[in-house]
2 protein chains.
Amino acid sequence: MSGLRARQKADRHRRIIEAAAELFREAGYEGAKIEAIAAQAEVSVGTIYNYYENKGDILGAIVSLEVNEVLNAGQGVVARPPANVGDALDTLIGIYIEHSLHYLSKEMWRQAMAISTQLPDSPFGQAYTALDRALTEQIRALISRLQALALVRQDIDGAALGELIFNNMNMMFIEFVKRDAAKIPELRAAVRRQNRILVAAIAV
Amino acid sequence: MSGLRARQKADRHRRIIEAAAELFREAGYEGAKIEAIAAQAEVSVGTIYNYYENKGDILGAIVSLEVNEVLNAGQGVVARPPANVGDALDTLIGIYIEHSLHYLSKEMWRQAMAISTQLPDSPFGQAYTALDRALTEQIRALISRLQALALVRQDIDGAALGELIFNNMNMMFIEFVKRDAAKIPELRAAVRRQNRILVAAIAV
DNA sequence: TTCTAAAATTGAGTCAATTCTGTTTTTATG
DNA sequence: CATAAAAACAGAATTGACTCAATTTTAGAA
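What you are looking at is a predicted structure, and each value in this text was computed from that prediction instead of being measured. (Residues numbered from 1 in each chain as written. Chains lettered and ligands numbered in written order. Predicted model: local features only at pLDDT ≥ 70, side-chain atom pairs only at ≥ 80, totals over all residues.)

Here we take up the overall build of chain A. Looking only at helices and strands, chain A has nine helices and zero strands in total. Its C-alpha atoms give chain A principal-axis dimensions of about 60 × 45 × 25 Å. Split into buried and exposed, the 204 residues of chain A put 38% on the buried side. (Helix = DSSP H or I, 4+ residues; strand = E, 2+ residues; numbered from the N terminus. Buried ≥ 20, exposed ≤ 12 C-beta atoms within 10 Å, placed from the backbone.)

Structure (structure tokens):
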């Protein structure tokens, strides 16, 4: 069934994303003009808008790539967590944080976060919310796993705890991308310190 | 010393803010055109840009009004907190949440949040970060107070705990303003449920 | 192969934020 | 009071995201 049209379409999608990723990194999100992306991808401006509702959605496609890789990497930790609550949390969160700047610069993250709050009902806004939820779910899954391994108390409200841990980490990550000078090790240390309070409360 | 120039300046500032607040509420942030704000405030477009770096900074001035009132109201709770850790937190956070939609609509909050992450170094971006920090400090102050009253364990890391509580609340608030259908009582209940885990860990 | 409808592409045009430049108003000074 | 420097103002010009009507390309039937 792979007709000419479908192949061309996939190819144009790829070219647009590649061009945008390159220009976003080089010139920043605002600095990367749609005309320039169109020229680099060898399509017209109109075609870009045929494929994406707006400039933000192009960035959104790149963010999705990043977060889905992170979720994938996280599955390993949930399946076989370190035998200590603090380490287990730190390992999972470490994966999220360490991976975060692989495809996206801080500036790109800032734009992505801004757009997702500005336009929560746009395709990208909804996708971003879904990604957040998926990360929250993965943290919840880790807690369930730790409860099954009798490392976390059975009477803990796992759903609320998962949200609490994700929300705190996410807010710290937002502050992290807002300050260009902020470093990854500091971020991890700060989150670890905050989680220590929780670990004391929930560990068996 | 109050020369004509200074008085006119203050007056123009006030007129611009009033015009913007009205139009933002009526037409939404995007819908309120700078030309319309200028016309309503009886100044020219150029003058607005002489007073504010960009449209976002106008919104920023309004947000500051709101948050400073909230901080003020919070002081009362810190000074005389309810004699129960859970209630004390709930009362303070309740003030923040209940007050939040007084001057600002959800749409205005979304824009404000978006701008503060998008341009963290703009005047507004920095002011917003300072406001967040002030709220965090107030929560920390409440915890100190509760420790002094022997309602919270002395060995708790108050700084980390304050951040944890603020970050979680703030993230919940962000999700709240992103969903127009979300209601204040639900938000308060969800945050209370999350804080319950912490309260169990820190109460004497 | 030829033709037609549907799908996709194109780029000139629109709209609104922001910038720029010349003009007006205020202040300070003699 | 005059007057020159400084500050503030006005609104036309610029810029860049996004739209839309006209054109081109593809798929499939005859």
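This brings us to the interface of chain A and chain B. At the junction of the two partners, chain A supplies 25 residues and chain B supplies 25 residues. Going through the elements one at a time, helix H6 (106–118), helix H8 (158–178) and helix H9 (184–202) of chain A are the ones with two or more residues in the side of chain A that touches chain B. It is H8(A) that provides the largest number of residues to the side of chain A that touches chain B, a total of 11 residues. In terms of residue class, the side of chain A that touches chain B is made up of 13 nonpolar, seven polar and five charged. (Contact = placed C-beta atoms within 7 Å. Nonpolar A, V, L, I, M, F, W, Y, C, P; charged D, E, K, R; others polar.)

Looking now at the packing of H8(A) against helix H8 (residues 158–178) of chain B. At their nearest, the axes of H8(A) and H8(B) sit 8 Å apart, and the two run at 90 degrees to each other. In this view, H8(A) runs roughly perpendicular relative to H8(B), as classed from their interaxial angle. Counted together, Leu164(A), Asn167(A), Asn168(A), Asn170(A), Met171(A) and Met172(A) of H8(A) and Leu164(B), Asn167(B), Asn168(B), Asn170(B), Met171(B) and Met172(B) of H8(B) form the full contact between these two elements. For the contact of H8(A) with H8(B), the residue count by class is six nonpolar, six polar and no charged. (Axes fitted to C-alpha atoms, helices over the stretch in contact; angles between N-to-C directions. Parallel < 35°, antiparallel > 145°, perpendicular 65-115°, else oblique.)

Moving on to the domain arrangement of chain A. Residues and elements named next belong to chain A. What the domain assignment reports for chain A is domain 1 (1–51) and domain 2 (55–202). In this assembly, nine residues from domain 1 lie in contact with 10 residues from domain 2. Per-element tally for the side of domain 1 that touches domain 2: the top contributor is helix H1 (residues 4–27), with six residues. Of the residues belonging to the side of domain 1 that touches domain 2, the class tally is seven nonpolar, one polar and one charged. (Domains from an automatic or database assignment.)

Between the two copies, chain A and chain B, the superposition gives an RMSD of 0.1 Å; the rotation angle is 179 degrees and the shift along the axis is 0.0 Å. Within this description, the copies of the chain are treated as partners about a two-fold rotation axis. Within chain A, Ala114(A) has its C-alpha nearest the rotation axis, a separation of 2.0 Å. Most of the interface of chain A is mirrored in chain B: 100% of its interface residues are interface residues there too. (Least-squares fit on C-alpha atoms with pLDDT ≥ 70 in both.)

Bringing unusual backbone geometry into the picture now. All names here are of chain A. Positive phi, close to 60 degrees, is recorded for Glu42, a residue that is not glycine. Its place among the elements puts Glu42 in the loop between helix H2 (34–41) and helix H3 (45–51). Even without being a glycine, Ala150 presents a positive backbone phi close to 60 degrees.

On to the packing of H6(A) against H8(A), then. Residues and elements named next belong to chain A. It is the contact of H6 with H8, at a shortest axis distance of 8 Å, that shows an interaxial angle of 125 degrees. The orientation of H6 relative to H8 falls into the category oblique. The interaxial crossing formed by H6 with H8 has left-handed handedness. Residues Lys106, Trp109, Arg110 and Met113 of H6 form the contact with H8, whose own contacting residues are Ile174, Val177 and Lys178. Of the residues belonging to the contact of H6 with H8, the class tally is four nonpolar, no polar and three charged. (Left-handed = near helix turned anticlockwise from the far one by under 90°.)

Moving on to the nonpolar core. Membership of the largest hydrophobic core comes to 112 residues, with the highest contact counts inside it found for Ala20(A), Leu92(A), Ala20(B) and Leu92(B). Every residue in contact with Leu92(B), bar those within four places of it in the chain, is listed here: Gly74(B), Val77(B), Ile139(B) and Leu142(B). (Core = buried A, V, L, I, M, F, W, Y, C linked by C-beta atoms within 7 Å.)

With that settled, the discussion passes to H9(A). For an α-helix, 3.6 residues make a turn, and residues three or four places apart therefore share a direction. For H9(A), which comprises 19 residues, the first-to-last C-alpha distance of 26 Å matches the rise-based estimate of 27 Å (1.5 Å per residue) to within 8%. At Arg196(A), H9(A) shows its largest bend, some 30 degrees. Buried residues of H9(A): Leu187(A), Val191(A), Gln194(A), Asn195(A), Leu198(A) and Ile202(A), and no others. Looking at the packing, one finds that the buried side of H9(A) touches helix H5 (85–99) and H8 of chain A together with H8 of chain B. (Expected span 1.5 Å × (residues − 1). Bend = angle between axes of the 7 residues up to and from the residue.)

Secondary-structure assignment places Ala21(B) in helix H1 (residues 4–27). Taking the C-beta count within 10 Å as the criterion, Ala21(B) has 20 such neighbours and is therefore assigned buried.

What follows deals with helix H4 (residues 55–79) of chain A. In a regular helix each residue adds 1.5 Å, so 25 residues correspond to 36 Å; H4(A) covers 38 Å between its end C-alpha atoms and thus fits that length. Among the residues of H4(A), Lys55(A), Gly56(A), Ile58(A), Leu59(A), Gly60(A), Val63(A), Val67(A), Val70(A), Gly74(A) and Val77(A) are the ones counted as buried.

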